[in-house]
Amino acid sequence: MTLDLRWGSEQQAIADAVAKLCRDRVTPAAVDATAGRFPHEIWAAIAELGFLALGTPEGGGGALEMVAAVEVMGGAAVPGPITETFFATRLLETEERERVASGAAIVSVVSGTLVPWAEVASTFLQIDGDRVRRVDLDGPLAPLETLAGERWARGATKPAGDFADASQALVLYDLARAAYLGGAGHRLVSTAAEHARGRIQFGKSIGRFQAVAHPLADCAMHLSAAVALTRAAAFHFDGGAAGHARGLAGAALRSSRAAALDAANVAHQVFGALGITLEGPAYRVSRRIRQLASFASAGGREDAAILAHFGVVEGQPAPRPGDRP
Amino acid sequence: MNFEPSDDQRAILDAVEALLTRHAGPKRAALVRQHGGYDEALHQALAEGGFTTIARQEGMGLLEAALIAERVSRHAGVVPFAAQALVAAGLTSEEITGPVALAFDWDVGEPVRFLAQARTLVFGDDDGVKLVTPEPIDVEPVASDFGYPMGRLRAGFTARGRPLGGGAQARLSSLWNLAIAVEATGAMDAALQVTVDYLKVRKQFGRTIGSFQAVQHRLAGCKVLVEGSRWLAYEAAYKNADPEASATAATYASAAAAQVARETHQLSGAIGFTREYDLHVWTLRLQALTLELGGISGHRRVLAALRWNLDGEG
């Protein structure tokens, strides 16, 4: 088996381009400037370079290219409904899809009465197990601020038509979220390691204490595993192995969520007080991890897909090693 | 506030320790497992010592029952002590014939601890909580490697018996949460002690493994989790299994149990997976305990509802 999980030249070019964009336009100051509102200028910059269109037929790329871009975006803590956009562009028809990919229309994936970006979104979607439906707003909105400082709202919605086949879009949604969380987690661990190298306390740099270094190393290991799983799932998705990709994507999301949350906890321990200051290097990334991780569970759908991938069907005994298929 | 045991409590706990040292322990647990999985002799000894009915004695209550149940679990006693002395005793002053099993209607068809041996099944459903004498026809045994014997209620089981009145389902939940917290604490404590003892002697890389800072800090992290579980459980017991305190204790202990089980195995290395080494006696029990009442997510949902009136919907 040869499954090379390093990026090919095309994916690397995309990753490099997104990284440059984030260095230039998604700086901490730029992110802070968007507090309490939709990050229009950052969104426009991303859309202008065609990155929101990566998952579309027009955009030419597949899941691997999307993952390459989103890993970097996660590391930069890009605000806004990035992962929902990649989900939607796989679901919507041409005209609406192009408006979303151009940044003109904003996507909101509703969860109960929680409506992300309710005041600026125009495409509202709701996931119900394996099905996806469009919804419309149905009543007044009560604005609120999320964990990551985003302006969402509470409000009622009403169904407005089911999508025929959402299976591919749901796999891409899992992959996008997994990639974002993996990238964000890696960034946080790198930043924490850099801090530990430079911070002198108790007579030496704190990174030389085993109890500081080992937890960071463990986090890096788990994040690497999660990223590898995400890339493997994307590889299979692009290769047309839909069933295989589905189970792996669910597993990748689960793995990435756990690894990123753990990384956030460990990083904050390493940073000490600096980690909870607005000026510090941690909170912009860790709060996005926390927010994404809170919504990265689709009521067991991914668990069922993971189990199905390994041949376990609900109500039947699990296969044992050596069983014939 | 006084966190030291009273003289009475100290006397009870000394007597319980002596009894458990004689009648329980991991080696005995392994032996009992080979012979059907329920320790009748230990049950007798605890009953004769008056420990099974401690909660109903003058000047005693759920806290004393909890203190004893923690120790029974720490000594790997293969008896449903907490189910009888804490949960059943907290629900009714009737004399309960043990062994005791606990189930809600959604547990029908699922493995339930000690069900195949139970003389009393405490069963909760929409009508209330009933004390049922399970018939052999109701129960099928389930092969269990979890350190507890398991049984399953057959599909279509209906509970026949007089229901305990007035909010008994909620009371059953609270008491059961408390029991889980207490049993998990005892098991975690023992798992950690086994691991610490091993790491003090195991040499590798030129020194005892326990002398590495990374190892010490992880053990310290586990100790913090065990102590947190312990004191939240004691608080809930002291408050007579107050619903929110009990849910808090169960939530914390379940999360702690998952981590302590993982860490103790990671730190014990290959020997931790052998039957000859005792760690599995407690870590397998921790797995079983953390599956009850919906596991960590179930506990979190209950706690969120109790503390903030949240129903778990988005």
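As the structure is a computational prediction, the values presented were derived from the model and not from experiment.

## Some words on the overall build of chain B
Okay, so step 1: When its secondary structure is counted, chain B shows 10 helices and nine strands.
Okay, so step 2: On C-alpha atoms alone, chain B measures out to a radius of gyration of 19 Å, which is about the 20 Å that the 2.2 N^0.38 rule sets for 314 residues.
Okay, so step 3: The principal-axis extents of the C-alpha atoms in chain B amount to approximately 65 × 45 × 45 Å.
Okay, so step 4: Each of the 314 residues in chain B was classed as buried or not, and the buried ones make up 54%.
Okay, so step 5: Long-range contacts, defined as pairs at least 24 residues apart, comprise 69% of the intrachain contacts of chain B with a sequence gap of at least 6.

## Quick notes on the state of the cysteines
Okay, so step 1: Under the definition given, this model contains zero disulfides over all chains.
Okay, so step 2: Summary of cysteine pairing: Cys219(A) is not part of a disulfide, and the nearest cysteine sulfur, belonging to Cys222(B), is at 16 Å.
Okay, so step 3: You can call Cys219(A) buried: its relative accessible area is 2%.

## Topic: the confidence of the model for chain B
Residues and elements named next belong to chain B.
Okay, so step 1: Residues with a pLDDT of 70 or more make up 99% of chain B, whose mean pLDDT is 93.
Okay, so step 2: Confidence scores differ between elements of chain B, with strand β7 (residues 163-164) showing the lowest mean pLDDT of 87 and helix α4 (residues 62-74) the highest of 98.
Okay, so step 3: Interface confidence for the predicted complex, expressed as ipTM, amounts to 0.71; the pTM equals 0.80.

## A few points about the sheet that holds strand β7 (residues 157-162) of chain A
All names here are of chain A.
Okay, so step 1: Pairing is mixed across the open sheet formed by four strands, whose spatial order is β1-β3-β4-β7. If you trace the sheet from one side to the other, it starts and ends with β1 (107-110) and β7, each paired once. Each neighbouring strand pair of the sheet contributes to a mean axis angle of 40 degrees, computed without reference to strand direction.
Okay, so step 2: Where strand β3 (residues 123-128) lies against strand β4 (residues 131-137), four bridges are found, and the strand directions are antiparallel. Bridge assignment links aspartate 128 to a residue of β4, and that residue is arginine 131.

## Observations concerning the environment of Arg56(B)
Residues and elements named next belong to chain B.
Okay, so step 1: Tracing the backbone shows arginine 56 in the loop between α3 (40-48) and α4.
Okay, so step 2: Relative accessible area serves as the criterion here: at 46%, arginine 56 is assigned to the partly exposed category.
Okay, so step 3: The spacing of arginine 56 and threonine 92 is 36 residues in sequence and 9.6 Å in space, taken between C-alpha atoms.
Okay, so step 4: Sequence-distant contacts of arginine 56, that is, excluding residues within four places in its chain, are made with Ala89, Gly90, Leu91, Thr92 and Ser93.

## Things to note about the sheet that holds strand β2 (residues 114-115) of chain A
Residue and element names in this part refer to chain A.
Okay, so step 1: Judged by pairing direction, the sheet is antiparallel, and its three strands sit side by side in the order β2-β6-β5 without closing on themselves. Across the chains shown, the open sheet's two edge strands, defined by having one partner strand only, are β2 and β5 (142-145).
Okay, so step 2: Relative to strand β6 (residues 151-154), β5 runs antiparallel, the two being bridged by four bridges. Note on β6: the bridge partner recorded for alanine 142 is arginine 154.

Quick notes on the rules
- Residues numbered from 1 in each chain as written.
- Chains lettered and ligands numbered in written order.
- Predicted model: local features only at pLDDT ≥ 70, side-chain atom pairs only at ≥ 80, totals over all residues.
- Heavy atoms only, no water.
- Helix = DSSP H or I, 4+ residues; strand = E, 2+ residues; numbered from the N terminus.
- Rg over C-alpha atoms; globule rule 2.2 N^0.38 Å.
- Buried < 20%, exposed > 50% of the residue type's maximum accessible area, 1.4 Å probe, protein only.
- Contact = heavy atoms within 4.5 Å.
- Disulfide = S-S within 2.5 Å.
- pLDDT = per-residue confidence, 0-100.
- Pairing = 2+ DSSP bridges.
- Axes fitted to C-alpha atoms, helices over the stretch in contact; angles between N-to-C directions.

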